[in-house]
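Residue-level listing of the chains:
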Amino acid sequence: MMTPLEARELARKVVALTLADEAEVLVAAESSALTRFANNRINQNVAEDNALINVRAVLGTRIGVASTNRLDDESLAACCEAAVAAARIAPEDPSFPGLPAPEPAKEAVRASESAREFDAEARARAVAAIIEPSRSRGLTAAGKVRVGTHVVAVANSHGIDVGMEVTGVQATVLSMGETGSGWASFLGQGTEGFDPAAMGEEAADIAIRSANPTDLEPGTYPVVLGPEAVADIMDFLGFMGFSAKAYEEGRSFMSNALESQVMTEYVNIIDDATSPHAMGLTFDYEGAPKQRIPIIEEGVALRPVTDSYWAEKSGFINSGHALPAPNSYGPLPLNLEMLGGDATLEELIGMVKYGVYVTRFHYVNVEDPVPVTLTGMTRDGTFLIEDGKLTRPLKNLRFTQGAVEALDGLEALTTERKFVGTEEGATLVPGIMLSAFNFTGQTT
Amino acid sequence: MKEVIEAALEAARLAGADYADARIVDSSREEIQVASGRVEAVERSDSFGLGVRVLSNGSWGFAASREVTTAEAARVARQAVGIAKASALAAGDPVRLSALEPARGTWSGPCEIDPFSVGLEDKLALLTAADEAMRAEPAVTVTKAHCGFYRERKWFGSTEGAFTEQSWFESGAGIVAYAIKDGEVVTRSYPNSHGGGWKQAGFEYVRDLDLVGNAARVAAQAAELLTAPECDSGTVDLIIDGSQMGLQVHESVGHPTELDRVLGEEAAFAGTSWVKAADVGTLVYGSEHVTVTADATVPGSLGSFGWDDEGVPAQRDPIVDRGILKGLLTSRETAHEIGRTSNGCMRADGWNRIPLVRMTTVSLEPGTWGFDDLVADTGEGLYIETNNSWSIDDKRLNFQFACEVGWEIKGGELGRMVKMPNYTGITPQFWASCDAVCSADHWQVWGLNNCGKGEPMQVAHVAHGAAPARFRGVSVGVGR
């Protein structure tokens, strides 16, 4: 595994090899391992080492991209030549603003020694501890314990020269009984705060409480969403609505709605890779520094996120949200946060007279992009709330609901927040209470 | 390559592996996209590496590296054995593999024109022409024209004596027109959504799709969708086009009959299945009109190969025969658990991933109906085309799909266009409501190169043969 300094050196070397007017090189190296378990035993256990070089060559305003994971001199030269050859044939793009110039990125340590030390034996012991609470209660556990180290460096012919190391430890557990199931998860930079036995207990407890689920008539109900469910909604809002490309093309709910109240005043959404608690890179895949961007403030739409191209196109400053070139998705926020409120999860449940508590969603997809109408299922702990208390488990419910409309009915949030996702795209979310959520079906 | 594989296998044996296999994969990809008159992507990528899978004391270990040398192969093999030994700290019953005659030989897929030999100029010219033709429609404000090409060479060997070499090309292309107005976005795609059409073939497939010739129709339909009404909520007799039928088969027959899901091995991520292993031979999956096969021998299909990534030869197997569950998609490990031998469905997404049970070409076999006859026979109902959105629960029972476009059926003819029709159902009830499938004249194989499964996530290239089919009493217009 190369170091950030070695990755930067390699990126600079390949920039120099690229015979183009402008050149940008991304180096992305990874060493990762994942121990997977099911039926109360380890069933898959894998590790990999890889490194990718991505070259963007620019001739005038013509652009070509090539990548390879072969790092010998001959292959690197061939990769540069392939990028230049593609650029030579591509038509001029008058809207291309040129590759970005260097700007200082925030220095941050995003790697943990504990992640580097989390070897196959340590992961297996963690798995055994996660499984035990399920096994001892006649339940079946499945999930994963993953560790990853990523080294990313970007250099370009204008002097961008950045690199850093990011580590992550992630664990999930599904505990299953005959009729009920429960879920718990962990995401951190290292193993600090990772308590496998407690995670296993949490999932097993939910599995037992969700046994023998009952029916609920489809309809619109108040809901309390746990952080995992909130993260799904946030991720789809980010993908469909928060990009300057979607905004400029009229595909975002924020198109023509900036400075407007689009959700309740309790909703505050930012993208912030610079905060002390953030995970992941502090620069984007063009090497531009990631900025703290308030996207929704007290329910008012403020601005989308940008990369160098869409900053020029939209007039917003470059917020440092580029993906690797070529990028047909446009810029995306990878460090989304919903700010928390002042309640506990129990207090949110206490606010509901008759409604539904959702631990997490499953297989969510977009039916209508502008209102971000989503459909998906609930999973691993869906409960009826009656008079402010969880009273009985429910069979998994299907929902069909506009996310923007749902957040316009947000009434309260938990103080406590949780990271969901991976170290390369971690979403920090509270639990929330929504006044109305449309459930359209149920698993039999 | 053989020397490197043998070095890996020998090192695995010496480190204590009871079984090992090694795969070297050398792949290249080219992606080109023109969007709204601008070239958004011209990209070429290469990936090369080695993966070693071992069984030691009944537990699995796997390690992979991008360095393909005999020394690195030996190191990776020892790492895989070390990982397998760590697995023993939380092991269950020892893994056993079903019996297999060691595979030896070579296989290659069909290809008339090597797509990597065709100049970028020709590809860009085709996409630019299609993009321009769509932009001639004023209501269409965003357009995309895309083509992609993939080449893979793969070498496989095992400690049982197998050694195979396989190679193939994949080619694909598609166009999308977006009509956007007043906060509404409608889309129309050709020949399919989510990446267009794909085959194991050369550039001839992309040329024959005639993207340019279809662009004006696609754009006009997108424009018409802007003013079309939404699909009414209710229960209708529904005719689903072949492309959406392919995805319906994928989600509600293919995935639930993967034996690793059935046995709970994918429970935490993709989910389990409503199907049980003991259901084979007795479970009523659908009506007598529903016959589904899994076939890895269909020429030109994304689901075809010579041997799977365990060295099991490609084969054709019944999954559902006239409504009754007859088979499952299996691996050597899962097949052994139910007392069978593997039917060759293990495939990995590259050198750095382990093989998982994946679909091959899982197809709804054709029926006897002509399409016009089926519409006429339906009288009143709804006909829908081209997937827009999909979702299904963790047991593959409760699904909801949305399509790009629909047409009301009135008096036995297609009538008014409706936008974004969606429908929902429960898998066995839905397939039980199938009372007609169109004939082989309307049947084609739809390539699907974005099937996600496993952790780390793997993306498989699979395919589904399907023709339009009719389902009675389906709930549509959900949540509208």
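Bear in mind that the values here come from a model prediction, so they are computed numbers and not experimental data. (Residues numbered from 1 in each chain as written. Chains lettered and ligands numbered in written order. Predicted model: local features only at pLDDT ≥ 70, side-chain atom pairs only at ≥ 80, totals over all residues. Heavy atoms only, no water.)

Residues and elements named next belong to chain B. One open sheet accounts for four strands, arranged β12-β11-β10-β15; its pairing is antiparallel. The open sheet has two edge strands, β12 (324–325) and β15 (362–364), and neither has a second partner. Pairing analysis gives two bridges linking strand β11 (residues 316–321) to β12, with the strands arranged antiparallel. By the bridge assignment, aspartate 321 is partnered in β12 with isoleucine 324. Running at roughly 115 degrees to β15, helix α6 (residues 242–254) makes contact with β10 (292–295), β11 and β15 of the sheet. (Pairing = 2+ DSSP bridges. Helix = DSSP H or I, 4+ residues; strand = E, 2+ residues; numbered from the N terminus. Contact = heavy atoms within 4.5 Å. Axes fitted to C-alpha atoms, helices over the stretch in contact; angles between N-to-C directions.)

This brings us to the packing of aromatic side chains. All names here are of chain B. Summed over the entire model, instances satisfying the criterion amount to 26 aromatic pairs over all chains. For the ring pair phenylalanine 371 and tyrosine 383, a centre distance of 4.9 Å and an interplane angle of 65 degrees mean the geometry is edge-to-face. Here phenylalanine 371, found in helix α9 (residues 371–378), pairs with tyrosine 383, found in strand β16 (residues 381–392); they are 12 residues apart in sequence, far enough to count as distant. Residue classification places tyrosine 383 among the buried residues on the basis of a relative accessible area of 6%. (Phe/Tyr/Trp six-rings, centres within 6.5 Å; stacked < 30°, edge-to-face > 60°. Buried < 20%, exposed > 50% of the residue type's maximum accessible area, 1.4 Å probe, protein only.)

This paragraph deals with the side chain of Thr427(A). Looking at the element boundaries, Thr427(A) is found in strand β17 (residues 425–442). Not counting residues within four places of it along the chain, the set of residues in contact with Thr427(A) comprises Ala231(A), Met234(A), Asp235(A), Leu336(A), Lys418(A), Phe419(A) and Val420(A).

Let's shift gears to the environment of Glu103(A). Structurally, Glu103(A) can be placed in the loop between α2 (73–89) and α3 (113–116). Separated by 276 residues in sequence, Glu103(A) and Arg379(A) have C-alpha atoms that sit 44 Å apart.

This brings us to unusual backbone geometry. The omega torsion of the bond from Ala325(A) to Pro326(A) falls at -5 degrees, within 30 degrees of zero and hence cis. Cis geometry marks the peptide bond from Glu455(B) to Pro456(B); its omega dihedral reads -5 degrees. Note that Pro456(B) resides in the loop between β21 (444–453) and β22 (458–466). Notably, Asn256(A) is not glycine yet its phi reads approximately 60 degrees, a positive angle. Tracing the backbone through its elements, the reader meets Asn256(A) in the loop between α7 (244–248) and β8 (269–271).

For the rest of this paragraph, the subject is empty space enclosed by the protein. Within the structure shown, the criterion is met by nine cavities of 30 Å³ or more. A volume near 330 Å³ is recorded for the second largest cavity. Lining of the second largest cavity is provided by 27 residues; of these, Arg56(A), Pro326(A), Asn327(A), Arg38(B) and Glu40(B) occupy positions nearest its centre. Mapped onto the lining of the second largest cavity, the elements with two or more residues apiece are β3 (62–68) and α8 (308–314) of chain A together with β2 (38–56) of chain B. Broken down by element, the lining of the second largest cavity gets its largest block of residues, five residues, from β2(B). For the lining of the second largest cavity, the residue count by class is 15 nonpolar, five polar and seven charged. (1 Å grid on protein atoms, 1.4 Å probe; cavity = no way out; pocket = protein on both sides within 12 Å on 5 of 7 lines; lining within 4 Å. Points joined across faces, edges and corners; volume = space filled by probe spheres on them. Nonpolar A, V, L, I, M, F, W, Y, C, P; charged D, E, K, R; others polar.)

Oppositely charged side chains can pair when the atoms bearing their charge come close. All names here are of chain A. In this structure the tally under the stated criterion is 58 salt bridges over all chains. A salt bridge links arginine 8 to aspartate 161; the shortest N-O distance between them is 3.0 Å. In this pair, arginine 8 is assigned in helix α1 (residues 4–17) and aspartate 161 in strand β5 (residues 161–176), connecting sequence segments 153 residues apart. The partly exposed category is assigned to aspartate 161, whose relative accessible area is 24%. (Salt bridge = Lys/Arg side-chain N within 4 Å of Asp/Glu carboxyl O.)

This paragraph deals with the interface of chain B and chain A. Tallying the contact residues gives 78 residues for chain B and 73 residues for chain A. Overall, the association of chain B and chain A removes approximately 6000 Å² of surface from exposure, summing both partners, and the carbon and sulfur fraction of that is 50%. For the chain B face of the interface with chain A, the top three residues by lost area are Arg38(B), Arg66(B) and Glu455(B), together amounting to 11%. If you look at where chain B meets chain A, you find 11 salt bridges. (Buried area = accessible area lost by both parts, 1.4 Å probe.)

It is worth spelling out the pairing of β5(A) at this point. All names here are of chain A. Extensive coverage of β5 is indicated by the burial of 14 of its 16 residues. Sheet topology note: the strand β4 (residues 140–156)/β5 ladder contains 16 bridges and is antiparallel. Note on β5: the bridge partner recorded for valine 145 is alanine 171. If you look at the hairpin formed by β4 and β5, you'll find four residues sitting between the two strands, and glycine 159 has a positive phi there, around 110 degrees. Judged from the eight bridges that link them, β5 and strand β6 (residues 181–188) form a sheet pairing that is antiparallel. The residue of β6 that forms the bridge with valine 169 is glycine 188.

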